[in-house]
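One-letter residues, chain by chain:
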Amino acid sequence: MTTTPAATPDGSLEHSARPRKFRPEVQALRALAVLLVLVYHIDPAALPGGYIGVDVFFVISGFLITGHLWREASTTGGVNLKKFWAARARRILPASLVTTVGVIVIALVLLPPSLVESWWKQALASVLYVENWALAAESVDYQAASNSPTAFQHFWSLGVEEQFYLVWPLLVVLAVALWGGTRGGVVVRNPARLRGILLAVFGVVAVASLAWGIMQASGDDPVAYYSTLTRVWELAAGGILALVIRDTKRFAPLRNTLVVFGVATIVTAACLYDSGTPFPGVAALAPTLGACAVIAGGRTSGPGSLRVVAESWAVQRVGDISYSLYLWHFPVVVFFGVYTDRDPKPTDVMVILIASFAMAIASYTLVEQPIRTVRWFRADGRMLVAALVAMVLVAGLTLTLPWRVQGTIDRWDSNAQAAASEADETIPEGIERDFAPFVDGSTAISPNPIKAAEDKDGAINACQAAQRDTVTAMCEFGETENPKATVAIVGDSHAAMFAEPIIRIAEERDWRVVTYLHSACPFSADRRSGDSPEVEACATANAQTRAEVLELAPQLVVTAFQESYALAPRGSEEHPGAEGLAEVWNEWLDRGFQVISLQDTPHARDDVIECVTENYTDPTQCDQPRKDALGGRDTVPAALELAPGVKSGEFLDYFCNETTCPAVIGNVLVYRDPNHVTRTYMEQLTDRLREVLPASL
């Protein structure tokens, strides 16, 4: 879309001062930003706030893009959207699509089947430049905390930028439409007026986005980190800077100070911030304003100048390849983790760095530069069509990921169905044979490890309150019309695992079962350690549940929780949390309720599901040492000593021998994630629970 060129009162075209075509300080800022992100992704402990490098990139993009749009609009009177979007496609798409194809090809070779679904979805989201919204959707899932990162996860920032590139020129077009004033009956388009309109529009966007980001970040909303709405103010800050900046060689001491201040602010934030810093929002002001200060300082000289470093060959070359380095470093880091299943050692870090830089140089030399310079791609219409076709083709290529494992899924589904029918025989035999897998001679596992997360009771799971809920929902099961007794099950998702076999027993005995289940919320008079919104919500919900259980007056209360959770101590309490547990247990006992505390099930390896899918024919490779599986379990025994009337239920002999806690016993997968047991295996605890629960109430 174009409009009439801007005219001065005498009818001549108004041209703004010509800015420098190349800004080495911006290239150096790119180098700093990508190195911060690179170090952070390789070893977060070395630079816990290195993620702010992305915010520096946002400022740079907003500055350069807005500067381009401003110069075009103020000198020609309009914005050629076709030309603009073609230029963005020429700059961004080739390298990112080639990276996506490369990652898919490597994933087809290295990826365990359990990871394919999440990788495929994120690959497709990356091609469509909506990865930030895909991650935002996953981040609100309770189970998302245990998800492994995909090699496409870093595409979220490209999604934010591409969405910015789509909308930002439209705002400039809107400003151009509002541009112009009447002087002596003649329409006059003064660039100063256009600048004012743009500053007003961009200012409104920046303030609204920053305010929204602060509100979202203060509420610890995981969506805030990835949302375009909470990030666009950083790009807008760069855009506003592009409208007001003036290149000058004057004020050298002040400009030197600005640059040093900007770099120091960015580096300090990278060192002091960490994963617990509410972000974005107020904290994002540091890298944003720091980047703006460096750009505003410009090309410095004299005492205090960083020019020698900024314009050095090494820094400028890293700036040149920064985009390709950003694209390739994260897949290298992720594939290293997938292949080795360990944190990188110093020698590994060198290998990761060499591989990342090698891929970046190759991408820059063979993809970025040729596409930007080859004449065939210079035609805007041709470039846009080529970009669309390429995106469609690569989007289609992402389908090879689920296609690759579909045969495996079908075969393992069949195996799981057969193994499930024999579980009552194979599990006891497996336990008797020192917790061995495949005791019937078949290589079959139930449930299908790829679908392990689905192996839980839907009705019980639906009755769990989410972590941030301030009320724990009550649900009823068993005999609800004319029960012989009422049983309350109180606790977190680990209590929920025991609920199904307890409900089965209750149905046999005509008991009513009332559940109070709250994810990641141990039921105690004491709080979980920490001050997060989830901890606050848990404390509020537990206070209400405590009152409701007393009012319910059940004959029996059964409670359990993930015992690795740290509970807040009471003064010099030897076992923090023990007194809080004992307080509510003794309160129930004083009211005449029987109380049973079910001890927690052992924990599996963090990558247990991925490990089993990689070692389907030899799942012993995924067993957890007993000492690791039972870590952090001093609180409940200490609480039982303080509440001697409470009966304890313990099931360790169903899960571990003297040295290990296996991932597969008989032909049944024990775990559906690192700390939850599959429904199929929990069914085997029914007979033991019949012994633990009173025969009558």
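Owing to the predicted nature of the structure, the values given are computational and were not obtained by experimental measurement.

Caption draft 1: Here's a closer look at the overall build of the protein chain. When you go through the protein chain residue by residue, the secondary structure sums to 27 helices and 15 strands. The C-alpha extent of the protein chain, read off along each of the three principal axes, is 100 × 55 × 50 Å. Within the span of the protein chain, comprising 697 residues, buried residues form 54% of the whole. For the protein chain, long-range pairs separated by at least 24 residues make up 82% of all intrachain contacts whose partners lie at least 6 apart in sequence.

Caption draft 2: Quick look at a negative patch on the surface. Side chains of E422, D424, E425 and D440 sit close together on the surface and give a patch of like negative charge. One can find E422 in the loop between α17 (400–421) and α18 (423–432). Taking relative accessible area as the criterion, E422 reaches 38% and is therefore assigned partly exposed.

Caption draft 3: Just a nonpolar patch on the surface, in detail. Taken together, the side chains of L128, V130, W133, W212, M215 and L229 define a hydrophobic patch exposed on the protein surface, amounting to about 560 Å² of accessible area. The topology assignment puts W212 in helix α7 (residues 191–218). Owing to a relative accessible area of 35%, W212 belongs among the partly exposed residues under this scheme.

Caption draft 4: Structural detail: unusual backbone geometry. With an omega of -5°, the peptide bond between F279 and P280 qualifies as cis. Its location among the elements puts P280 in the loop between α10 (252–272) and α11 (285–297). Here the phi dihedral of Y129 falls at roughly 60°; this positive angle occurs in a residue that is not glycine. Position of Y129 among the secondary structure elements: in the loop between α4 (116–127) and α5 (131–139). Despite not being glycine, A553 has its phi angle at roughly 55°, a positive value. Relative to the elements of secondary structure, A553 occurs in the loop between α21 (533–552) and β7 (556–560).

Caption draft 5: Representation of the side chain of E534. Note on placement: E534 falls in helix α21. Looking at E534, the relative accessible area reads 18%, which means it is buried. Only 3.1 Å separates the side chain of E534 from the side chain of R468, close enough to count as a polar contact.

Caption draft 6: Inspection of the state of the cysteines at higher detail. Across all of its chains, the model carries 4 disulfides by this definition. Each disulfide pairs two cysteine sulfurs, and for C521 the partner residue is C538, the sulfurs being separated by 2.1 Å. Residues C521 and C538 are joined through a disulfide that is right-handed, its torsion about the S-S bond being 85°. Taken together, the positions of C521 in the loop between β6 (511–518) and α21 and C538 in helix α21 put the pair 17 residues apart, joining distant regions of the chain. Under the relative-accessibility criterion, C521 is labelled buried at 2%. One disulfide bridge connects C611 with C622, the sulfur atoms lying 2.1 Å from each other. Measuring handedness by torsion sign, the sulfur bridge of C611 and C622 sits at about -90° and is left-handed.

Caption draft 7: Structural detail: the nonpolar core. Within the largest apolar cluster, 109 residues are counted, with the highest numbers of intra-cluster contacts made by I52 and W119. In this view, W119 contacts V103, A107, L111, P149, T150, A151, F152, V334, F335, V338 and L401; residues no more than four positions away in its chain are not counted. Residues I445, I505, L556 and V677 belong to the second largest nonpolar core, which totals 59 residues.

Caption draft 8: A look at the packing of aromatic side chains. The full count for this structure, using the stated rule, is 20 aromatic pairs. Judged by centre distance (6.1 Å) and plane angle (65°), the rings of Y273 and F279 are edge-to-face. Here the aromatic cluster, defined as three or more aromatic residues joined through ring pairs, consists of Y40, Y51, F58, W156, Y225, Y226, Y273 and F279. We note R231 situated over the ring of Y225; from NZ or CZ to the ring centre the distance is 4.5 Å. Cation over ring: R528 sits above Y565, and NZ or CZ is 4.3 Å from the ring centre.

Caption draft 9: Representation of the packing of helix α1 (residues 24–42) against helix α15 (residues 346–373) within the structure. Contact geometry of α1 with α15 gives a least axis separation of 11 Å together with a crossing angle of 140°. What the angle tells us is that α1 and α15 run oblique. Two packed elements cross with a definite hand, and for α1 against α15 that hand is right-handed. On α15, the residues touching L35, L38 and I42 of α1 are V349, I352, L353, S356 and F357. Residue composition of the contact of α1 with α15, grouped by class: 7 nonpolar, 1 polar and no charged.

Caption draft 10: View of α10. Over its 21 residues, α10 extends 30 Å from the first C-alpha to the last, a length consistent with the 30 Å expected when each residue adds 1.5 Å. Residues of α10 that are buried include every one of R255, N256, V259, G262, T265, I266, A269 and A270, and no others. Those residues of α10 hidden inside the fold are in contact with α1, α2 (53–76) and α11.

Caption draft 11: Expanded view of helix α3 (residues 81–110). Look at α3: 42 Å from first C-alpha to last across 30 residues, which is about the 44 Å you get at 1.5 Å a residue. The axis of α3 is deflected most strongly, by about 35°, at L93, and proline P94 appears within four residues downstream. The distance from a side-chain oxygen at the start of α3 to the backbone nitrogen of K82 is 3.2 Å, and the residue carrying that oxygen is N80.

Caption draft 12: Examining the environment of S218 more closely. Assignment of secondary structure puts S218 in helix α7. With a relative accessible area of 59%, S218 lands in the exposed category. C-alpha separation for the pair S218 and N415, spaced 197 residues apart in sequence, amounts to 48 Å.

Caption draft 13: Representation of the environment of A379. Secondary-structure assignment places A379 in the loop between α15 and α16 (380–397). Between the alpha carbons of A379 and K83 there is a distance of 8.9 Å; along the sequence they are 296 residues apart.

Caption draft 14: Spatial organisation of the pattern of salt bridges. Tallied over the full model, the rule gives 30 salt bridges. A salt bridge links D457 to R679, with the shortest nitrogen-to-oxygen separation between them at 3.8 Å. With D457 in the loop between α18 and α19 (458–462) and R679 in helix α26 (residues 679–682), the pair connects residues that are 222 residues apart, well separated along the chain. Look at D457 and you get buried, because its relative accessible area is 18%. Note that R504 and E683 form a salt bridge whose closest N and O atoms lie 3.8 Å from each other. Here R504 is found in helix α20 (residues 493–509), whereas its partner E683 is found in the loop between α26 and α27 (686–692), with 179 residues between them in sequence. Among the residues examined, R504 registers a relative accessible area of 32% and is labelled partly exposed. Its relative accessible area of 30% is what places E683 among the partly exposed residues. By sharing partners, the salt bridges in this structure join D526, R546, R570, E579, E583 and E587 into a single network.

Caption draft 15: Representation of the pairing of β7 within the structure. β7 sits mainly inside the fold: 5 of its 5 residues count as buried. Burial of the side chains of β7 extends over both faces: L556, V558 and A560 are buried on one face and V557 and T559 on the other. With 5 bridges joining them, strand β5 (residues 485–491) and β7 adopt parallel strand pairing. Residue I489 lies in a different strand from β7, and its bridge partner there is V558. After leaving β7, the chain enters helix α22 (residues 578–590) and then returns to the sheet as strand β8 (residues 594–598), a path that is right-handed.

Parameters and conventions
- Residues numbered from 1 in each chain as written.
- Predicted model: local features only at pLDDT ≥ 70, side-chain atom pairs only at ≥ 80, totals over all residues.
- Heavy atoms only, no water.
- Helix = DSSP H or I, 4+ residues; strand = E, 2+ residues; numbered from the N terminus.
- Buried < 20%, exposed > 50% of the residue type's maximum accessible area, 1.4 Å probe, protein only.
- Contact = heavy atoms within 4.5 Å.
- Patch = residues over 30% accessible without salt bridge, like charges linked within 9 Å, V, L, I, M, F, W, Y side chains within 5 Å.
- Areas by Shrake-Rupley, 256 points an atom, 1.4 Å probe, with all protein chains shown as cover.
- Salt bridge = Lys/Arg side-chain N within 4 Å of Asp/Glu carboxyl O.
- Lys, Arg positive; Asp, Glu negative; His and termini not counted.
- Charge placed at Lys NZ, Arg CZ, Asp CG, Glu CD.
- Polar contact = N/O pair within 3.5 Å; in protein donor to acceptor, adjacent residues only side chain to side chain.
- Disulfide = S-S within 2.5 Å.
- Core = buried A, V, L, I, M, F, W, Y, C linked by side-chain atoms within 4.5 Å.
- Phe/Tyr/Trp six-rings, centres within 6.5 Å; stacked < 30°, edge-to-face > 60°.
- Lys NZ or Arg CZ within 6 Å of the ring centre and 35° of its normal.
- Axes fitted to C-alpha atoms, helices over the stretch in contact; angles between N-to-C directions.
- Parallel < 35°, antiparallel > 145°, perpendicular 65-115°, else oblique.
- Left-handed = near helix turned anticlockwise from the far one by under 90°.
- Nonpolar A, V, L, I, M, F, W, Y, C, P; charged D, E, K, R; others polar.
- Expected span 1.5 Å × (residues − 1).
- Bend = angle between axes of the 7 residues up to and from the residue.
- Pairing = 2+ DSSP bridges.
- Right-handed = clockwise from strand over helix to strand, strands pointing away.

Read these as geometric descriptors, not functional statements.
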